[in-house]
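A closer look at the structure
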Amino acid sequence: MIDVQNQIDTRGIKIQQTGVTNVYLPFSIWIGEEIQQVLARLRFTVSLNKNIRGTHMSRLMEILTDFSATPLKISDIEKIVKDATEKLETDFSAIKMAFKFFLKCTAPVSEKVSLLDIDCEISADSNKNFSLKLAVPFTSLCPCSKEISDFGAHNQRSICRVKIDFTDVENLDIAEIVKLIENQGSSKIYPILKREDEKFVTETAYQNPKFVEDILRDVVLAIRQIENISAFEVECENFESIHNHNAFAAQSETL
């Protein structure tokens, strides 16, 4: 059969990235000490020599399908891009894997166990670049509202979005990073709370008021303590309960 994809191209343009996107596959991933089944949305690309008309899309799908068959450590993501570089005979490959994973939460008083869903995206390429994106929710309580009110203070659900670039991911524990970030809010969020838990969480937030700027600074200090990182970006957003706008703060650093 004629191999049209492998025909010679004469336009002289090396394509930096070509491949497949919006691929959905089930993966088993180690999160902490547990294996979780996740549904991953993937983008998988390689560079293409200027003399070749098209890449082998089916080979990329074959690689993803093979790796989805066995549980992966985070560090195994680098093996996927290495496999693509070798099998497609290219000098660059990259992958993005987005999924929800579930963090086990134990209510502070009743000790009811529930699962908190966390948005996660992992990116890696054959140049040894690796980044982790997370969106971590928690509660914030306004220090100003507490200070000026005779009783009570307004609070809201908040979210912290981080992107962390790593130099080494061999011992990367996503669950521990999530816990580190959520500890910087006024209080943690729990999917299941009984009355005694709700009292505890409300009072905890009241005793730990933070502006969005306070949370941002505390997250920055916490991330700086993570090993093997080269850069990070942080965005904190409070979904205000007494305004029709949100409060926002952001910071990025290269270490």
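These lines cover the structure that appears in this document, whether it is placed above or below.

Cut-off values and rules
- Residues numbered from 1 in each chain as written.
- Predicted model: local features only at pLDDT ≥ 70, side-chain atom pairs only at ≥ 80, totals over all residues.
- Heavy atoms only, no water.
- Pairing = 2+ DSSP bridges.
- Helix = DSSP H or I, 4+ residues; strand = E, 2+ residues; numbered from the N terminus.
- Axes fitted to C-alpha atoms, helices over the stretch in contact; angles between N-to-C directions.
- Contact = heavy atoms within 4.5 Å.

**Looking at the pairing of strand 6 (residues 155–166)**
Sheet topology places strand 5 (residues 130–141) next to strand 6; 12 bridges connect them, and they run antiparallel. When the sheet's bridge partners are listed, Val136 is paired in strand 6 with Cys160. As paired elements, strand 6 and strand 7 (residues 229–238) share nine bridges and run antiparallel to each other. The partner of Val162 across the bridge, within strand 7, is Val234.

**Considerations on the sheet that holds strand 4 (residues 113–125)**
Strands belonging to one sheet form pairs held by backbone hydrogen bonds; the direction of such a pair is parallel or antiparallel. Reading across the sheet, the eight strands line up as 1-2-3-4-5-6-7-8 and stay open at both edges, with antiparallel pairing between neighbours. Looking at the sheet topology across the chains shown, the edges are occupied by strand 1 (15–31) and strand 8 (247–254). Averaged over all pairs of adjacent strands, the angle between their axes in this sheet comes to 15°, without regard to strand direction. Pairing of strand 3 (residues 93–106) with strand 4 involves 13 bridges; the strand directions are antiparallel. Bridge pairing in strand 4 links Phe99 to Cys120. Together, strand 1, strand 2 (34–48) and strand 3 form the strand contacts of helix 1 (residues 57–67), whose direction differs from that of strand 1 by roughly 15°. Those strands touched by helix 6 (residues 212–224) are strand 5, strand 6, strand 7 and strand 8, and its axis lies near 160° from that of strand 7.

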